[in-house]
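So the chains spell out like this:
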Amino acid sequence: MSRLTRRELIKGAATLGAAAAAAPALGGRAQAQTTQKRELVVAQGGDISTFDPHISTSANDIRISFNIFDNLTARHADGKLHPGLATEWKLQGQTTWVFKVRQGVKWHNGDAFNAADAKWSIERTYDPAAKTRTNTVFSTIDRIEAPDATTLIIHTKKPDPLLPARLAFYGGQIVSRKYYEQVGADGFRSKPMGTGPVKFVSWTKDDRLVLEANGDYWGGKPDFDRMVMRAVPEMAPRVAGLLKGETDIITQLPPDQGDRVNANASTRVAGALYAGLYVIAVNSKVKPLDNPLVKQAMSLAIDRDLIVKELWRGRGIVPSGPIAKGDNHFDPSLPPLKYDPKEARERLKKAGYKGEEIVIETTSAYMANDKPMAEAIVAMWRDAGLNAKAEVVEYTVRAQKNRDKTFKGVWWSDPTSTLGDPDGMMWRLLAPGGPQDYWRHKRWDELGEAARFSVDEKFRAQAYKEMTAIVLEHFPWIPIVQPYEDYGLQKHVDWTPNPNQAFEVRRFNFKFKRA
Amino acid sequence: MHGRGPAAPASSMRSLVTFLGTRLLRALVALWLVSTVVFVVMRLSGDPVPLLLPPDAPRSEYARVARELGLDRPLPVQYAVFIGNVLRGDFGRSLHFREPAMQVVVGYLPATLELGLTAFVLAVLVAVPVGLLSAVKRNSLLDQAAMGVALVGQSAPTFFLGILFILLLSLQAGWLPTSGRGGWEHLVLPALTLGAFTMASIARLTRSSVLEVLRQDYVRTARAKGLSEILVVAKHTFRNAAVPILTITGLQFGTLLGGAVVTETVFAWPGIGRLAIQSIYSRDYPVVQAVVFLSALLFIVLNFFIDVVYGLLDPRIRAR
């Protein structure tokens, strides 16, 4: 049975059932929009693979690890960096960052937390013996000192303006050396212990993870006693469970389910604009994609407004360039990318395009709307005179092609802005030697390298402005949409989602509405 | 009939030993073949390493992780290591969970057994009486209704049925939970979904094999003797119709294991079917190998028991 057919049929079944479960049944279930619940139940699309925060970067894992553990710095839903286990930090000279570490914080087992823990935890990510999967996150660090319990000094090899941002994302979760050495790697993976707002209680694989609120949390006890994270892989039962009131929050709500959730009396949709973009990445080494005019035509031929309206039901915005809205150095004065099929034909003519085939290798149901968007875009390209076609590849095949750099033409990429800055997005992926190194431009490379190691934000702003202009001429990425990451919530839940998938349920952003 | 006479005990003993010996040998060959096929197919289907690393990992990282997992060695060497370990009962460590693979699989087994056995018992308890009644009351309204439902049950895809049940019985009617494992109420919908195909097949087969037997001379004789209809059906018909029913029932248990893959995914049921599908997607070779090995073993053991039960039901089979 192919995965594709199964998904499509499930969608069919869901529609059929939705029609059956029409308005009267749902209207009759209007519930109070307050609750006395002391348990928060969340359902996500897949289970946790491991609790060791340094050996996984998958969204399903970090939704939990960012709550069991704390980072030194924290990126909140407003997109800004806030204090975490560090209360303040400042740059001394060009390469020395000094962090003031929070006093009086306790690990879940009652041990006192101090700066030496933070030092060991960060060093562990790049210690070859620890075999982590986050060993490249802190590659700019030269050495770390913890002269006393509340001071942490990090020396970088070159100036690194983004170090505090790096500490807020994966790899930056602080783990306890003492506990780790006591229980060993296996013990730690199965029974994690941190300083975060929730404590580990039990885990039944692919069923449920039970956590309890940390009453001693430095940021205040969260507004629940227990939290249950369930793994419900199929979308239809995940949505059904929310509508029926079994779950308080569901993740990964597809755009076409939003109306159902909003129409139901007791539930609503909450979304955050994705900290990143959905782009078509281009292998600019092959013909005819080595010609900027062809790529300009490809961009001009795409009616992005139509895609946002029809496929995203309005849950997204049209990008203006390669920097996501909400990131540092996003230029609000740039207009959204233009749709002009006539101009596209002109540029193809000017490029001397002779009908060479352009293949988009798309996954199916890996990214939201990947295949439907690929099909729509192929049709738009064909209308403009491009000989385009879509080929569906399985996610594993895509991962191998990514590693081997063997994409035939163009493919989907959904770069996350890990640092809230173009350095953590376009430079991370498109830089020389990066995973999407299929295009080189001397000036662009120089600017990216200089901006990465500059602590002068004025210079960086100028550099990213120029880099954006170069991208919009050469299109190593053809940005398509910046969608919302939507969640389904009970109306008795008051919660603000974070744009970067770090699913935070802390006192400042989560509470149950009480009567 | 053979084997009756002075030499009988020794020869039947010998034939029993031969029977068991052949069976065991066949089982081992089957297990070896299944393991080998899975080993090869999994490795042809894709590399797990890119899935374990963030997309921006440098090439040296891929090489390091492949080495760490022993996946950089030539395939024949990997195969030799794999077979050697399996002989010692070691299926390797899960790439995803980083725990011994067989331990992971065994942890998922109780959920599947609970669901599978419930579905199976439910299917047999409903299907056999319904099939029997349908045959006895042939062409009645009951027969037509039952066989109509059975046809739907046999042809509706499992996932479609599952989602339909969730939307109608759980979301709209509000009778049962939508998904997950818990008390008996969590078991009803997945067991119905998983058992639907089996139930339908057994009901249809029961009906046709009972009809077949009802046409036999000895049934006519029994009726002519003036036995009550109940006795005719219970004593003379059903026992003779039981062998084909048992065959399909045994085979259906295998189908249940297969159906668990879809049912467990739809209902977020933490069993080995769902584990299998996830491990295939993440190319977690050791877990896939352990799941398939264990399922094959279960199937073989089950078939063995069915053979033994045949012998009890039908002396002609015992003698062969």
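Model, not experiment: these values are computed from the prediction. (Residues numbered from 1 in each chain as written. Chains lettered and ligands numbered in written order. Predicted model: local features only at pLDDT ≥ 70, side-chain atom pairs only at ≥ 80, totals over all residues. Heavy atoms only, no water.)

A. Region of interest: the overall build of chain B. Of the regular secondary structure elements, chain B holds 13 helices and zero strands. In sequence order, chain B lays out its α and β elements as α-α-α-α-α-α-α-α-α-α-α-α-α. By its C-alpha atoms, chain B is 85 × 65 × 30 Å across when sized along the principal axes. Burial analysis of chain B (320 residues in total) assigns 46% to the buried set. (Helix = DSSP H or I, 4+ residues; strand = E, 2+ residues; numbered from the N terminus. Buried < 20%, exposed > 50% of the residue type's maximum accessible area, 1.4 Å probe, protein only.)

B. Main features of the interface of chain B and chain A. Taken together, the 48 residues of chain B in the interface contact 53 residues of chain A. Seen at the junction of chain B and chain A, the total is six salt bridges. One salt bridge connects arginine 133 of chain A with glutamate 68 of chain B, and the closest N-O pair in it is separated by 3.7 Å. For the pair chain B and chain A, the interface holds 15 residue pairs in polar contact (both at pLDDT 80 or more). The set of elements that each furnish at least two residues to the side of chain B that touches chain A consists of helix H2 (49–52), helix H3 (59–68), helix H7 (158–172), helix H10 (229–266) and helix H11 (272–281) of chain B. Tallying contributions element by element places H7 of chain B first for the side of chain B that touches chain A, with ten residues. Tallied by class, the residues present in the side of chain B that touches chain A amount to 26 nonpolar, ten polar and twelve charged. (Contact = heavy atoms within 4.5 Å. Salt bridge = Lys/Arg side-chain N within 4 Å of Asp/Glu carboxyl O. Polar contact = N/O pair within 3.5 Å; in protein donor to acceptor, adjacent residues only side chain to side chain. Nonpolar A, V, L, I, M, F, W, Y, C, P; charged D, E, K, R; others polar.)

C. Structural view of the pairing of strand E8 (residues 198–204) of chain A. All names here are of chain A. Note: E8 against strand E9 (residues 208–213), six bridges, orientation antiparallel. Of the residues in E9, the one forming a bridge with lysine 199 is glutamate 212. What sits between E8 and E9 in their antiparallel hairpin is a turn of three residues, with aspartate 206 showing a positive phi close to 60°. (Pairing = 2+ DSSP bridges.)

D. Seen up close, the sheet that holds strand E5 (residues 96–101) of chain A. Residues and elements named next belong to chain A. Reading across the sheet, the four strands line up as E4-E5-E7-E6 and stay open at both edges, with antiparallel pairing between neighbours. Each end of this open sheet is capped by a strand with a single partner; those strands are strand E4 (86–92) and strand E6 (141–148). With strand direction ignored, the average angle separating the axes of adjacent strands in the sheet is 20°. Each of E5, E6 and strand E7 (151–156) is contacted by helix H4 (residues 115–125), which is oriented at about 165° to E6, the strand it contacts most. (Axes fitted to C-alpha atoms, helices over the stretch in contact; angles between N-to-C directions.)

E. Focus on the packing of aromatic side chains. All names here are of chain A. Within the structure shown, the criterion is met by 29 aromatic pairs over all chains. On the numbers, 5.8 Å between centres and 75° between planes, the contact of phenylalanine 224 with phenylalanine 510 is edge-to-face. Residue phenylalanine 224 is located in the loop between E9 and strand E10 (226–231), and its partner phenylalanine 510 is located in strand E20 (residues 510–512); the two are separated by 286 residues in the primary sequence. With a relative accessible area of 0%, phenylalanine 224 lands in the buried category. According to the relative accessible area criterion, phenylalanine 510 is buried, its value standing at 2%. (Phe/Tyr/Trp six-rings, centres within 6.5 Å; stacked < 30°, edge-to-face > 60°.)

F. View of helix H8 (residues 184–214) of chain B. All names here are of chain B. Over its 31 residues, H8 extends only 39 Å from the first C-alpha to the last, a length that falls short of the 45 Å expected when each residue adds 1.5 Å. Glycine 195 marks the point of greatest bend in H8, at about 45°. The buried fraction of H8 is high, at 22 of 31 residues. (Expected span 1.5 Å × (residues − 1). Bend = angle between axes of the 7 residues up to and from the residue.)

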